[in-house]
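Here is what each chain is made of, one letter per residue.
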Amino acid sequence: MALHLRGTLLPGGTPRDLWLLGDRITFDRPSGAADTVADGGFLLPGLVDVHTHPGATEGDDPVFDTEVFAEQIAAHRDAGTTALRFPGLLGEVPASLRDAPDAPRMITAGRWLAWAGLSQSAGFHTVTDDLVAAAVAEAKAHDGWCKIMGDWDFEAEPVPYEMVRTVVEAVHAAGARVAAHCQSAAGVLGAARAGVDSIEHGMGMPEQCIGLMAEHGTSYVPTLTAFADFAANVKSTPRGTLIRDGYRTMIRRVREAHDAGVTVLAGTDSAPYGNVATEVEHLIAAGLPPEAAVGAASWTAREFLGLGGLVEGGFADVTVYDADPRLEPGVLRHPRRIVLRGRVIR
Ligand SMILES: [Zn+2]
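Quick caveat, the model's predicted, so the values are computed rather than measured.

Analysis parameters
- Residues numbered from 1 in each chain as written.
- Predicted model: local features only at pLDDT ≥ 70, side-chain atom pairs only at ≥ 80, totals over all residues.
- Heavy atoms only, no water.
- Salt bridge = Lys/Arg side-chain N within 4 Å of Asp/Glu carboxyl O.
- Helix = DSSP H or I, 4+ residues; strand = E, 2+ residues; numbered from the N terminus.
- Buried < 20%, exposed > 50% of the residue type's maximum accessible area, 1.4 Å probe, protein only.
- Pairing = 2+ DSSP bridges.

Colleague: An account of the pattern of salt bridges is requested, with residue identities and associated values reported.
Modeller: Evaluated as defined, the whole model comprises 20 salt bridges. Measuring nitrogen to oxygen at the nearest pair gives 2.9 Å for the salt bridge that ties arginine 6 to aspartate 39. One end of the pair, arginine 6, is in strand 1 (residues 2–9); the other, aspartate 39, is in strand 4 (residues 34–45), and 33 residues separate them in sequence. Overall, arginine 6 belongs to the partly exposed group, its relative accessible area being 35%. When the shortest N-O distance is used, the salt bridge between arginine 239 and glutamate 155 registers 2.7 Å. Here glutamate 155 lies in the loop between strand 10 (145–149) and helix 4 (161–173) and arginine 239 lies in helix 8 (residues 238–259), a separation of 84 residues in the sequence.

If you want it as structure tokens, here you go:
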């Protein structure tokens, strides 16, 4: 049977009726009976976390564990997060989990790719001598995205600009996109000059990056949720000061990026899973207008991932709230109704 929802649709703000036929939205009343699952409230295209890495076991030497992965994506789903982008995973998502009727939609980028010439990398990175070939291969083998480490230790030399530029050209030629981790000023600048598709973190971002990102259509995923804790807990050492100052710079750049027309998106990069409402609050605190901050975790993020919003023929992912999240962002923690792939989750 069709599902029927009535409420104020966001971002438009118009009260409307919509129906879900399987995994599709329609605004035309179907001829058969329909089950009304929401009557009133605010209807959002299902939430999105564009930067999350579920599935890793705890400890120093994490490995991909499908049970951990299943638990963590369920936590996302139960919070109304109906689509996820994974900019780096330790393993492959089993088809049984990816295709499960109650699984959030997933956009994977393969492994974290670290160039062998970096002076440091982490145990969870896949180190490669040929970053260009590895990036193209990962993007082709996954959902049209790869994830490169533009740098790792933020006090060390990043991947040379020319190499990032070559990665971007090669991946774009293959019809795919590049997400770049960077948190050194030189690393962020190199990624912005090279025209990567998304800059992840961007700690200490130099001011000139804003214009470069706007020019190249690069999105900004600051993951403030992760960095707020990181910056709050550092010691008063020169390195700690660098982190704290870098975090303050990120906060400033969020608003500047938005004002320059750069798309800012919500990614948490951290536990607890299903916590994208916290990132929306951080984005608002950083000065993003509430409408843009909510969109960063909903309609804007869905557009970015090619998933679309509450439109005729769109995917049947809808979350319903008692209050307008643009006025009361905290309501995002309390979805009254979650519908994913046309199924009522809650
Ligand atoms: Zn991350």
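Continuing now.
Colleague: Before we move on, can you summarise the sheet that holds strand 14 (residues 318–321) with the specific residues and values?
Modeller: One open sheet accounts for seven strands, arranged 3-2-1-4-14-15-16; its pairing is mixed. Two strands bound the open sheet, and with one partner strand each, they are strand 3 (24–26) and strand 16 (343–344).

Colleague: Give a description of the environment of alanine 74 that names residues and reports values.
Modeller: Turning to its location among the elements, alanine 74 is positioned in helix 1 (residues 66–78). Accessibility expressed as a relative area gives 18% for alanine 74, which makes it buried. In the structure, alanine 74 is positioned 30 residues away from proline 104 in sequence and 8.1 Å away in space, judged by C-alpha atoms.

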